[in-house]
Amino acid sequence: MKICILHNTLNVAGGAERYALSLIKVLKRNNYHVILGTFDKPDWIRIEKLWGEKPVKPDAYYWIFGRRLPFFGIYQRWLVASRLSKKLNSLADLTINTHSDHLYTDADIVCMHGVTDFNMRFKHSPWHKKLYYIPYKHLLN
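Parameters at a glance
- Residues numbered from 1 in each chain as written.
- Predicted model: local features only at pLDDT ≥ 70, side-chain atom pairs only at ≥ 80, totals over all residues.
- Heavy atoms only, no water.
- Helix = DSSP H or I, 4+ residues; strand = E, 2+ residues; numbered from the N terminus.
- Buried < 20%, exposed > 50% of the residue type's maximum accessible area, 1.4 Å probe, protein only.
- Contact = heavy atoms within 4.5 Å.
- Areas by Shrake-Rupley, 256 points an atom, 1.4 Å probe, with all protein chains shown as cover.
- Pairing = 2+ DSSP bridges.
- Right-handed = clockwise from strand over helix to strand, strands pointing away.
- Axes fitted to C-alpha atoms, helices over the stretch in contact; angles between N-to-C directions.
- Parallel < 35°, antiparallel > 145°, perpendicular 65-115°, else oblique.
- Left-handed = near helix turned anticlockwise from the far one by under 90°.
- Nonpolar A, V, L, I, M, F, W, Y, C, P; charged D, E, K, R; others polar.
- Phe/Tyr/Trp six-rings, centres within 6.5 Å; stacked < 30°, edge-to-face > 60°.

Asker: Help me get a handle on the overall build of the chain, residues and values and all.
Answerer: Along the backbone of the chain there are five helices and five strands. Scanning the chain from its N terminus toward the C terminus, one meets helices and strands in the order β-α-β-α-β-α-β-β-α-α. Out of the 141 residues in the chain, the part that is buried amounts to 39%. A sequence separation of at least 24 residues applies to 65% of the contacts in the chain between residues at least 6 apart. Within the structure as shown, the chain displays about 8,100 Å² of accessible surface, and the carbon and sulfur contribution to it stands at 55%.

And the structure:
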């Protein structure tokens, strides 16, 4: 069985990234063919340094951008979901989105790590942060 995992980036050390890497490891251990789709190309050396162990790599991986962009994270998630999910979904029997974004995705399973409360963000954020979230909030509606 071929399983596709969609994730924004594995090049940072967060809980969602730990989950995605653990999922790849478990699926590979159980002889599934794993396909990974990310915004930026996985830097396997960096990932190993971040986590202190050699990561289990998927059988195939696809990315949109060749290197990490440390900004516009929520829009990167949207690009992965919208640009890669249709392509990779056709290559897999099951698609799992492990980065909490349900916009424009054909994923069979979406793993939620947290919910963005836009009302709180707008109420307590400076104007420049509000500008960052306004387009995304409209994409959700």
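Asker: Explain unusual backbone geometry residue by residue, including any values.
Answerer: Non-glycine residue Asn-31 carries a positive phi angle of around 65°. Within the secondary structure layout, Asn-31 lies in the loop between helix H1 (15-29) and strand S2 (33-40). You can call Asn-31 exposed: its relative accessible area is 70%.

Asker: Quick rundown of the pairing of S2? Include the residues and the values.
Answerer: In terms of burial, S2 is largely enclosed, as seven of its eight residues are buried. As defined by bridge partners, strand S1 (residues 2-6) adjoins S2 across five bridges and the pair is classed as parallel. Across the sheet, the residue bridging to Leu-6 is Gly-37, located in S2. A crossover links S1 with its parallel partner S2, the connecting element being H1, and its sense is right-handed.

Asker: Outline the packing of H1 against helix H2 (residues 44-51), listing residues and values.
Answerer: Closest axis-to-axis distance for the H1/H2 pair is 12 Å, and the angle between their directions is 110°. Regarding the angle of H1 to H2, the classification is roughly perpendicular. At the point where H1 passes H2, the crossing takes the left-handed sense. Within the contact between the two elements, H1 uses Glu-17, Arg-18 and Leu-21 and H2 uses Trp-44, Ile-47 and Trp-51. A per-class count over the contact of H1 with H2 returns four nonpolar, no polar and two charged.

Asker: Tell me about the packing of aromatic side chains, and please be specific about residues and values.
Answerer: What the rule picks out here adds up to two aromatic pairs. With a centroid separation of 5.5 Å and 70° between ring planes, the pair formed by Trp-44 and Tyr-61 is classed as edge-to-face. Of the two residues, Trp-44 sits in helix H2 while Tyr-61 sits in strand S3 (residues 60-65), which places them 17 residues apart along the sequence. You can call Trp-44 buried: its relative accessible area is 10%. Look at Tyr-61 and Trp-63: their rings are 5.9 Å apart centre to centre, the planes differ by 35°, and that puts the pair in the tilted class. Through a chain of ring-to-ring contacts, the aromatic side chains of Trp-44, Tyr-61 and Trp-63 assemble into a single cluster.

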